[in-house]
Amino acid sequence: MSEPTSNHDVTLITGATLADGTRTDLLLRDGRIAERGTGLSAVGATVVDADGLLALPGLVDLHTHLREPGFEQSETVLTGTRAAAAGGFTAVFAMANTSPVADTAGVVEQEQSLGERAGYATVQPIGAVTVGLAGERLAELGAMASSRAEVRVFSDDGLCVSDPLLMRRALEYVKAFDGVIAQHAQEPRLTVGAQMNEGALSGELGLTGWPAVAEESIIARDVLLAEHVGSRLHICHVSTAGSVDVIRWAKARGIPVTAEVTPHHLLLTEELVASYDARYKVNPPLRRAEDVQALREALADGTIDVVATDHAPHPVEAKDCEWDAAANGMVGLESALSVVHASMVATGLLDWNDVARVLSATPARIGRITGQGASIEAGAPAEVVLYDTAATRPFGTAALAGKGVNSPYLGLELPGRVVATFHRGYATVLDGAVLPTEQVAAAARRAARSAEVER
Amino acid sequence: MRHLLSTKTLTRDEAIEILDVAEDMAETQFREVRKLPTLRGKTVVNLFFEDSTRTRISFEAAAKRLSADVITFSAKGSSVSKGESLKDTAQTLAAMHADAVVIRHSASGAPQTLADSGWIDAGILNAGDGTHEHPTQALLDAFTMRKRLHGERSRGRALDGVAVTIVGDILHSRVARSNVWLLDTLGAEVTLVAPPTLLPVDLGPWPATVRYDLDDAIAQRPDVLMMLRIQSERMHAAFFPNSREYSRRWGLDDERLARLDPASIVMHPGPMNRGLEISSGAADSPRSTVLEQVANGVSVRMAALYLLLSGDREESTRV
Amino acid sequence: MSARTVLHEADIARALTRISHEILESNRGADDLVILGIPTRGVILAKRIAATISSISGATIVSGALDVTMYRDDLAKHPTRAPQPTTLPPQGIDGRTVVLVDDVLYSGRTIRAALDALTDLGRPRVVRLAALVDRGHRELPIRPDFVGKNLPSSQAERIFVRLTEFDGDDSVTIEGSGE
């Protein structure tokens, strides 16, 4: 029997609507959904009125760049997880292209504890596939798997594991601990100096092209490798119709490949590049309308398994310049749910159950993370987001909660609004505002202590 | 005209206007006093991030003949080579009250970024951005063609029905792009000739015919044959095996010159690789317009500066 | 808005004939005369004057055009103006008597610009000014040598010159508030 917990960690959410349409109350206590039903009450609990709001399991991002250690001018674990919470995320997988690179147990453990201390979301580090992302030798994948960070996803994202032999070895090696290699598919020799999608528009604008075949050929090679060695494979940020075709073929053959798509690749096309506005510069680049359509259909039919943001913050001066000199990347945590809402739900391609699947349950499963992605039921971990589906808002810098303001959606009207986010039973966002750092850090410490006590 | 960034956005009337004003400017070059007071007191900054003596001198001459003050800023040894951003450079020029900025930059789109940024209020004139556009080059090329075709009666005329064939590295050429859009606007028929590796992958939207064979193209009897400079470094990126093969298949040698229609003209934006894309015989023949292009460049740039700076800038819309 | 015609076709013809005689008289003949009109209508008037002088004197006097756009001092206040051609007679202007011709003389700034343009073209011995209409309100110390008609006007009024070669008929009208 546990000690009675203090009042501020018992929350009663009333009148929320679940993805299947049922109205329900949720009682969050000791980091779990203690009860689910109607007419619930709890003495001394903080009451959150969720009338008219949709309750989804906390979102899980399989692809985020938190930039710490090394690039703290762009983002830190603290600011990045604040951005995550603002977007309804309760867990983020942090990519390894930090400085130093996350290719040892030491760095991944450091990232994980920074996340625990900040308390806004679970930070699950991703380990590099190769030492220093140099593409030459395998990193200590086993050590990272056995570390406190329990790394299961490995990626050189930012760079492609282009050497076929190295990719084969990596795929084989991680089978020992149920790991998965997440490939950034970009044949480097076909994309030297590439600035935008290769096609009619790149020819006109005088920008070096990034041909679709550079992505598709790597995916084709890797699915066949995965088949040959009997290993799981995950493809990051799929961006072309051709890639979708290859993945569909691979799945039909029974190859254990999973794939992700970013929100921006579900909504934006290369036409935006004609302005030479570097907010639209991203890798892989924005593509044609036909690609956007194919990606939407693939997400709807399950060929693409998850949406992952590829949140990539940059300092202002890295985007406030001529195109060639600008950095690649867009922030995406705060806008992800709204963009999926606009591109997939409003168009009838996904319902809210599907959204929970592609933004919570499936990423958690692929990443082998526990305590996340579970359905909203009694006994499940208290990871919940409350979302107002009826709101529309002009998306401005006020909606951004991290350090980066390089969002392509500034000035656009987006549907929906995250009203509240709960992580380990305590609120990280309430009334649409991210809660203060000290308050959340204190709640995180209490939650950690009570989890210790329960053990 | 608020800015001159590209030929793609010029209407037919706007293009003819620039060429006609260039006629007036050209005439002043034959007077005793080759100077006009029109832009007195205006400051024109030549912002050249890429080395280019010829274009830079041409713009300098153009601005000075209109009595403007010229400040030249070239990248080597400047604050830019020490890492100063385009934004900071622009704001420095704005603080010095530049009225016009003539910019040459290696990044496609840099002039547009400068014009849209709000860092500086000056008129922006694109003197070549990456592989994107070089509008005054295309304008001086069109002026040259018009003058050779119509002589004293060029004013008000376009290039309707003129067959222009452009040969060379189309993929990397801002001169080719600006010419294609402008020539189409002026009613000319454009053919592009290059090895397939030096053509953009999708030429669907381009108002031009594409050929791989130069001899075929010459047999079509073009009125104008424009040769573009080839950079031999491209053979190291496997665009073509070596200079010899390129020259044999796509070079204008004396034998091909002889097969050209006697009335056709040969053009080259310079600088030329004699013996590579163009033979000395071709370059020096009376059909070659290379030197006129240089002279016409000053007149056309005078016209561009005049149209950019002389009128009420608040009222003009961007070109 | 009331508009009244102050010069009809016949009045204009008489005025130009008189001006042609006055030019010949003041120049003591037709030698070294160069008649330069300021575009657009000044050029037409110059042509007519040159033809009249030729027929009176028996000499062949050819007219030309002097475009002053590049020399104006008010370019920045208006949308960009396209220049017109400048054509000089083959013998040039050095050492000659240049008669500038314009349709309406008003502030005098156009003529100031014309004088600057002339200076860049050569060195005439003497420069004279002929205007079909002088409407007053000079802003510079410039005066015409030969005038068709003095038309005192208020600055609120507008004066329109029509010439057959350009407008289809010959007339000078004044339009504006008041009488």
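Quick caveat: nothing in here was measured; it's all calculated off a predicted structure.

Engineer: What should I look at first to understand the overall build of chain B in this one?
Structural biologist: Each helix and strand counted, chain B has eleven helices and nine strands in total. Taken over C-alpha atoms, the radius of gyration comes to 19 Å for chain B, in line with the 20 Å a tight globule of 319 residues would show. Taken over the C-alpha atoms alone, chain B extends approximately 55 × 45 × 35 Å along its principal axes. Burial statistics for chain B: of 319 residues in total, 51% are counted as buried. A fraction of 77% describes how many contacts in chain B between residues 6 or more apart in sequence connect residues 24 or more apart.

Engineer: Mind showing me how you'd approach the UniProt feature "domain: Phosphoribosyltransferase" (unreviewed entry) in chain C here?
Structural biologist: Here the UniProt feature "domain: Phosphoribosyltransferase" (unreviewed entry) sits at residues 7-146 of chain C. With 35% helix and 20% strand, residues 7-146 of chain C has its two end C-alpha atoms placed 17 Å apart.

Engineer: I'm lost on helix 4 (residues 164-173) of chain A in this one. Help?
Structural biologist: For an α-helix, the turn length of 3.6 residues means that residues three or four places apart are oriented alike. Residue and element names in this part refer to chain A. The set of residues buried in helix 4 consists of M167, A170 and L171. Each buried residue of helix 4 lies within a common arc of 100° when the element is viewed along its axis, so the set occupies one face. Packed against the buried residues of helix 4 are strand 9 (153-154), strand 10 (180-183), helix 6 (213-229) and strand 13 (233-235).

Engineer: Could you clarify how one ought to interpret the UniProt feature "binding site: carbamoyl phosphate" (unreviewed entry) in chain B in this entry?
Structural biologist: Residue and element names in this part refer to chain B. Feature annotation in UniProt places "binding site: carbamoyl phosphate" (unreviewed entry) on R54, T55, R104, H134, Q137, G270 and P271, given in this structure's numbering. Looking at where H134 falls in the secondary structure, it is placed in the loop between strand 4 (123-129) and helix 5 (135-150). Contacts of H134, omitting those with residues within four sequence positions, involve G128, R174, V175 and S178. For G270, the location among the structural elements is in the loop between strand 9 (265-267) and helix 10 (280-284). In contact with G270, not counting residues within four places along its chain, are R54 and V290.

Engineer: How should the interface of chain A and chain B be read in this particular structure?
Structural biologist: The parts lose accessible area when they come together, and the size of an interface is often stated as this lost area. Facing 16 residues of chain A, the contacting portion of chain B comprises 21 residues. Element by element, the count of residues in the side of chain A that touches chain B is highest for helix 5 (residues 200-205) of chain A, at three residues. In terms of residue class, the side of chain A that touches chain B is made up of seven nonpolar, four polar and five charged.

Engineer: Just checking my understanding: could you explain the pairing of strand 18 (residues 426-430) of chain A for this structure?
Structural biologist: All names here are of chain A. Burial of strand 18 is extensive: four of the five residues sit out of reach of the surface. Relative to strand 18, strand 17 (residues 413-423) is paired through three bridges, and the arrangement is antiparallel. Counterpart to F422 in the pairing with strand 18 is A427. Linking two consecutive strands that pair antiparallel, namely strand 17 and strand 18, is a turn of two residues; a positive phi of about 55° is found at R424 within it. As paired elements, strand 18 and strand 19 (residues 433-434) share two bridges and run antiparallel to each other. For V429, the partnering residue across the bridge sits in strand 19 and is V434.

Engineer: Is there a simple way to think about the sheet that holds strand 4 of chain B in this case?
Structural biologist: The pairing of strands in a sheet happens through backbone hydrogen bonds and is either parallel or antiparallel. Residues and elements named next belong to chain B. The sheet built from four strands is open, its strands ordered 2-1-3-4 with parallel pairing. Among the strands making up the open sheet, the edge pair consists of strand 2 (69-74) and strand 4. In this sheet, adjacent strand axes meet at a mean angle of 15° when their direction is disregarded. Strand direction decides the pairing type here: strand 1 (residues 43-48) and strand 3 (residues 100-105), joined by five bridges, are parallel.

Engineer: Would you take a moment to explain the domain arrangement of chain B for this structure?
Structural biologist: Residues and elements named next belong to chain B. Partitioning chain B into domains gives domain 1 (12-133 + 294-315) and domain 2 (135-289). Between the C-alpha centres of domain 1 and domain 2 there is a distance of 26 Å. Each partner contributes to the interface: domain 1 provides 22 residues, whereas domain 2 provides 22 residues. For the side of domain 1 that touches domain 2, the elements supplying multiple residues, two or more each, are helix 1 (12-28), strand 4 and helix 11 (290-309). In terms of residues, the side of domain 1 that touches domain 2 owes the most to one element, helix 1, which gives eight residues. In the side of domain 1 that touches domain 2, the residues fall into eight nonpolar, seven polar and seven charged.

Reading the values: rules and limits
Residues numbered from 1 in each chain as written. Chains lettered and ligands numbered in written order. Predicted model: local features only at pLDDT ≥ 70, side-chain atom pairs only at ≥ 80, totals over all residues. Helix = DSSP H or I, 4+ residues; strand = E, 2+ residues; numbered from the N terminus. Rg over C-alpha atoms; globule rule 2.2 N^0.38 Å. Buried ≥ 20, exposed ≤ 12 C-beta atoms within 10 Å, placed from the backbone. Contact = placed C-beta atoms within 7 Å. UniProt positions renumbered as here; feature names shortened; annotations may be inferred. Arc of directions from axis to C-beta. Nonpolar A, V, L, I, M, F, W, Y, C, P; charged D, E, K, R; others polar. Pairing = 2+ DSSP bridges. Axes fitted to C-alpha atoms, helices over the stretch in contact; angles between N-to-C directions. Domains from an automatic or database assignment.

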